[in-house]
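The lines below spell out each chain.
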Amino acid sequence: MAPASERTWWWTFGALALLVAVAVIAPAYLPMVDWPQHGQQVAALADLALGRCEYAAIYRVNWLTPYWLGYLPATLLAFVLPVDLAMRLVLFAGLLALPLATRLLLRELGGDGWWSFAAFAALFGANFDWGFFNFLVAAPLALLVAWLTVRQLRAPSPARAAALALAGLGAFAGHAAAAACAFLLSGALALVVAAEIGLASVARRILPLLVPALVALAWLAVVADWEPTARDALRTGAGPLLRLAELPRLLTGLVDPWPALAAMALLGAALALGGLAPSPLPRRWLPLAVVLAVYTWAPNYLLGIAQVYPRLLVLLIPCALLALSPRRGGRGEGGWRRWLVVGAVATIVAAHGARALAFARESAGLREVLAAAPERERLLYLPLERESPRSLAPVYLHSGAWYPVGRCGVAAVSFASGGAYAPPVRFRPESAPRLPSGFEWHPDRLRWEGVRGQFGLFLVRSTRPVAAPSLFGGAGRVELLAQRGDWWLYRPLAVTGWPEATGSHGGIGAPAAGP
């Protein structure tokens with residue numbers, strides 16, 4: 001790429017980055033399901049390190065977690081910044097790294113780095129809506145590992161071998177699913193390069209990837225002994241045809257099917273009018289075929305990791321770009337048609353910015369209700385209505401996990417209570433709330449006898465007025481502390497013969513005795 005074109009690329013990248021910033025930094029709340037749970041983890045890590053909340057009696061730290069690539073920088077930033085902002089800055093960097101890594105891979109394989117702008121179209125897909133913070137931060141490393149694999153295969157050296165092994169370890173330190181994506185894409189590209197150097201050379205030169213692979217297997221063997229979710233049954237989820245039908249929505253993150261399909265058509269038309277056409281070389285299609293096959297047939301839940309198959313979509317656009325090549329007799333690289341792809345992705349990203357700002361307005365009452373909540377309590381969140389028209393996923397499922405952030409309190413349902421695979425912060429056994437597994441999916445089945453005395457606060461989300469006597473199993477058991485919009489905050493009343501939840505820090509260290 002000529003120096004002038006290089007400058008143009010970076011200026012264009014900067015303009016698109018500003019649009020991403022609007023969607024990630026500007027809204028008061030992000031439309032991401034697990035985002036509050038990640039906030040609770042980062043806040044607990046920072047508070048444990050600084051000794052601000054006496055959390056050592058409540059939580060233990062799992063140093064073997066494979067999520068440090070996202071959590072560590074966010075925790076360090078949280079020493080001096082609000083937790084939510086610290087996480088957003090790390091997420092923003094991770095999202096922007098995806099088109100950068102796509103550009104590296106395209107150029108290494110003889111493509112034009114300009115088309116890497118297409119990767120912006122997938123930044124706010126299903127992985128964003130579900131709030132997969134650590135995966136989104138680590139996903140660019142999967143492409144970086146693939147790029148280093150191609151370089152090592154074509155021109156091996158000790159330095160490149162070491163870099164490949166370290167990058168693979170970095171991907172695993174970010175997220176096990178990101179490491180799996182790295183191995184998958186690297187294997188597919190190794191078969192592509194085998195046409196140039198032969199399979200025997202590929203087998204020798206790809207050996208550095210054994211280092212992260214063996215580390216991952218050793219970690220899995222150790223952690224599986226004490227991680228309950230590792231023994232959960234495999235779940236297949238949606239069938240192949242439904243997955244293919246859902247692909248436009250899951251890739252683009254646009255909630256309605258027709259706008260999602262239109263966005264994909266717009267992007268495809270922009271690439272075609274810009275001068276790209278299907279590659280005549282069958283091997284260039286291999287990575288895309290592999291990714292689509294795994295996306296179609298992979299389980300939905302495996303080894304404690306949920307939503308497995310949508311994670312493959314971070315590889316889809318880079319692999320699709322590898323399967324394209326300049327059309328014979330097409331326009332020169334300075335043609336205006338090349339800008340169509342920038343316009344297409346800018347439209348998609350701007351739509352997500354508007355969606356995020358609309359969601360922030362929709363959820364504004366949560367901030368006001370939490371501001372009225374007393375500190376150092378144990379809170380139980382009841383998401384009677386967890387859906388939003390502005391998200392593919394049940395975005396209000398874990399909103400109650402925001403309560404502990406900055407308040408030295410405890411949210412009963414969060415990653416700390418065992419709802420994730422090997423989180424860094426987990427309840428100590430004697431401090432864990434006594435709730436049935438999956439309670440957040442069925443809060444309307446609340447039994448007062450099962451929760452009395454455990455919690456000092458109850459947060460409810462409902463778009464309709466809450467009938468407290470019906471929800472809590474009788475009159476005179478709770479009082480309303482605050483209500484804004486769809487959010488209702490209650491405090492239990494003392495009842496003769498029932499243990500009363502305490503707001504002291506000694507009270508949140510362990511739940512009160514059961515009935």
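A few points on the structure. (Residues numbered from 1 in each chain as written. Predicted model: local features only at pLDDT ≥ 70, side-chain atom pairs only at ≥ 80, totals over all residues. Heavy atoms only, no water.)

**Regarding the overall build of the chain**
Right, on to step 1. Of the regular secondary structure elements, the chain holds 19 helices and eleven strands.
Right, on to step 2. Here the chain holds 515 residues, and the buried ones make up 55% of them.
Right, on to step 3. Here the chain displays about 20600 Å² of accessible surface, and carbon together with sulfur accounts for 65% of that area.
Right, on to step 4. Within the chain, one finds 42 positive and 28 negative side-chain charges whose respective centroids are separated by 9 Å. (Helix = DSSP H or I, 4+ residues; strand = E, 2+ residues; numbered from the N terminus. Buried < 20%, exposed > 50% of the residue type's maximum accessible area, 1.4 Å probe, protein only. Areas by Shrake-Rupley, 256 points an atom, 1.4 Å probe, with all protein chains shown as cover. Lys, Arg positive; Asp, Glu negative; His and termini not counted. Charge placed at Lys NZ, Arg CZ, Asp CG, Glu CD.)

**Looking at the nonpolar core**
Right, on to step 1. In this structure, Val20, Leu91, Phe120 and Leu315 are the most contacted members of the largest nonpolar core, which totals 146 residues.
Right, on to step 2. Residue contributions to this core peak at 15 residues, all from helix H6 (residues 133–154).
Right, on to step 3. With near-sequence residues (within four places) excluded, Phe120 lies in contact with Phe13, Leu16, Ala17, Val20, Leu96, Pro99, Val345 and Val349.
Right, on to step 4. By size, the runner-up hydrophobic cluster in this structure holds 18 residues, among which are Leu380, Leu471, Phe472 and Trp488. (Core = buried A, V, L, I, M, F, W, Y, C linked by side-chain atoms within 4.5 Å. Contact = heavy atoms within 4.5 Å.)

**As for the sheet that holds strand S10 (residues 478–484)**
Right, on to step 1. Strands sit in the order S7-S6-S9-S11-S10 across an open sheet of five strands; the sheet is mixed. The strands lining the two open edges of the sheet, one partner per strand, are strand S7 (410–411) and S10.
Right, on to step 2. In this structure, strand S6 (residues 378–383) lies alongside S7, joined through two bridges in parallel fashion. From the neighbouring strand, Arg378 faces S7, where its bridge partner is Val410. (Pairing = 2+ DSSP bridges.)

**Focus: the packing of aromatic side chains**
Each aromatic ring pair is summarised here by two numbers: the centre-to-centre distance and the angle between the ring planes.
Right, on to step 1. Within this structure, the stated rule accounts for 26 aromatic pairs.
Right, on to step 2. Both rings, one in Tyr55 and one in Tyr59, keep their centres 5.0 Å apart while their planes meet at 65°; by these two values the pair is edge-to-face.
Right, on to step 3. Here Tyr59 falls in the buried class, since its relative accessible area comes to 2%.
Right, on to step 4. On the basis of an interplanar angle of 65° and a centroid distance of 5.1 Å, the ring pair of Phe458 and Phe472 is categorised as edge-to-face. In this pair, Phe458 sits in strand S9 (residues 457–461) while Phe472 sits in the loop between helix H18 (468–471) and S10, placing the two residues 14 residues apart along the sequence.
Right, on to step 5. For Phe458, a relative accessible area of 1% gives the class buried. (Phe/Tyr/Trp six-rings, centres within 6.5 Å; stacked < 30°, edge-to-face > 60°.)

**Side note on the state of the cysteines**
Right, on to step 1. Going through the model one piece at a time under the given rule, you end up with one disulfide.
Right, on to step 2. Across a sulfur-sulfur distance of 2.0 Å, Cys53 and Cys408 are joined as a disulfide pair. Across the S-S bond linking Cys53 and Cys408, the dihedral sits near -65°, which makes this disulfide left-handed. With Cys53 in the loop between helix H2 (35–50) and strand S1 (59–61) and Cys408 in the loop between S6 and S7, the pair connects residues that are 355 residues apart, well separated along the chain.
Right, on to step 3. Given the relative accessible area of 2%, Cys53 is considered buried.
Right, on to step 4. For Cys408, a relative accessible area of 12% corresponds to the buried category.
Right, on to step 5. Free of any disulfide, Cys181 has its nearest cysteine sulfur in Cys319, 9.8 Å distant.
Right, on to step 6. Residue Cys181 is classed as buried on the basis of its relative accessible area, which comes to 5%. (Disulfide = S-S within 2.5 Å.)

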